[in-house]
Amino acid sequence: MAEIVGIFGVSHTPVMTNMPDAPGAAIRDAVFEAFRRVGKEIAALTPDILLLVSNDHLHNFFIDNLPAFCIGAGDSYDSPLEGWLKVNRREVPGHAAFGAHLIESAFDAGFDPAFSMELILDHAMVTPLELAGVAGAFPIVPIYVNCVQPPLPRMKRCFEFGRALRDGIERYSGARRVAMLATGGLSHDVGTPRMGCINEDFDRRFLRLLDDGDPDKLARFLQVEVNTAGNGAEEVRNWLVAHGAAANCQFELYHYQPVPEWYTGIGVGQWTRR
């Protein structure tokens, strides 16, 4: 049966590759080094499959068909969707059998995710993979969480979905080692007059609560306070999925930096055994 060998969480923003020098060399280098650390640690774990948890930005889905959760079951995925990201176009290998297994196991657990065999990866998944240096290195299964257009899945439901994913992973016999990379947020606004404003207090409280050991307290805080951190902060749902999959692990923060020049709070870390 498969084992989850590592779970990581990082922020994403397209301007990290489109405008890498905007915040200055010191901030850029510190953030990029944290991403490289994640990439090195994922590579050292030698996963058979890398599970990516993120959100679509109305590229694969739109308001005429916008699932709360979607699991990819393709043999490969094109990337990136946005040509202006300044990263190489590549075809990332998938793992259709594992994706299909997670779909079935999610139904067994009481979830009804959508699925797709034809997804194009946008900056939400491409930027972290490229900065970590693991793009194309491992077969991936992308999992999308609606963080863009209400109605959005409730915070507690995202945590529970992560627990269901963990159960499905541990019942899979087609691989031994699975790593997970969740990417989204932290506080930021997109397309509003507040774009570039960062709620550092929200970010730091959220990151502390990841290590608090009380998922209900974390979910309540986010459900009430996420609106204070910008419309892009809804992407913390991706971190909650990973938090649920991490079970009783504690979160170790590698780096946090509010970067208004990149329009978001940048967080990087890993869940480790208590």
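Higher on the page you've got the structure.
Residues numbered from 1 in each chain as written. Predicted model: local features only at pLDDT ≥ 70, side-chain atom pairs only at ≥ 80, totals over all residues. Heavy atoms only, no water.

**Some words on the nonpolar core**
1) Next: If you look at the biggest cluster of nonpolar residues, it comprises 53 residues, and the most contacted ones within it are F98, L102, F161, I169, F206, L222 and W271.
2) Next: Those residues in contact with I169 that lie beyond four places of it in its chain are A2, I4, L51, F98, L102, V178 and M180.
3) Next: By size, the runner-up hydrophobic cluster in this structure holds 39 residues, among which are F61, Y77, V92 and M125. (Core = buried A, V, L, I, M, F, W, Y, C linked by side-chain atoms within 4.5 Å. Buried < 20%, exposed > 50% of the residue type's maximum accessible area, 1.4 Å probe, protein only. Contact = heavy atoms within 4.5 Å.)

**What to know about the pattern of salt bridges**
1) Next: The full count for this structure, using the stated rule, is 14 salt bridges.
2) Next: Put simply, R37 and E41 hold a salt bridge, and the shortest N to O gap is 3.1 Å. Taken together, the residues R37 and E41, both in helix α2 (residues 25-45) and four residues apart, mark about one turn of the helix.
3) Next: According to the relative accessible area criterion, R37 is partly exposed, its value standing at 33%.
4) Next: As a salt-bridge pair, R237 and E234 come within 2.5 Å of each other at their nearest N and O atoms.
5) Next: On the basis of relative accessibility, which here comes to 16%, the residue E234 falls in the buried class. (Salt bridge = Lys/Arg side-chain N within 4 Å of Asp/Glu carboxyl O. Helix = DSSP H or I, 4+ residues; strand = E, 2+ residues; numbered from the N terminus.)

**Re the packing of helix α5 (residues 155-170) against helix α8 (residues 236-245)**
1) Next: As a packed pair, α5 and α8 sit with axes 6 Å apart at the nearest point and diverge in direction by 40°. Taken together, α5 and α8 sit at an angle that is classed as oblique. Two packed elements cross with a definite hand, and for α5 against α8 that hand is right-handed. Residues M155, C158, F159, F161, G162, R163, L165 and R166 of α5 pack against V236, R237, L240, V241, H243, G244 and A245 of α8.
2) Next: The residue makeup of the contact of α5 with α8, split by class, is nine nonpolar, three polar and three charged. (Axes fitted to C-alpha atoms, helices over the stretch in contact; angles between N-to-C directions. Parallel < 35°, antiparallel > 145°, perpendicular 65-115°, else oblique. Left-handed = near helix turned anticlockwise from the far one by under 90°. Nonpolar A, V, L, I, M, F, W, Y, C, P; charged D, E, K, R; others polar.)

**Brief notes about the side chain of T13**
1) Next: Within the secondary structure layout, T13 lies in the loop between β1 (3-10) and α1 (15-18).
2) Next: Judged by its relative accessible area of 6%, T13 falls in the buried class.
3) Next: When sequence neighbours within four positions are dropped, the list of residues in contact with T13 reads H123, T127, W262, T264 and I266.

**Topic: the pairing of β1**
1) Next: Within β1, seven of the eight residues are buried, which leaves the element mostly enclosed by the surrounding structure.
2) Next: With four bridges joining them, β1 and strand β10 (residues 264-272) adopt antiparallel strand pairing. Considered in β10, the bridge of V10 is made with V268. (Pairing = 2+ DSSP bridges.)

Interpretation in functional terms is not warranted from these geometric data alone.
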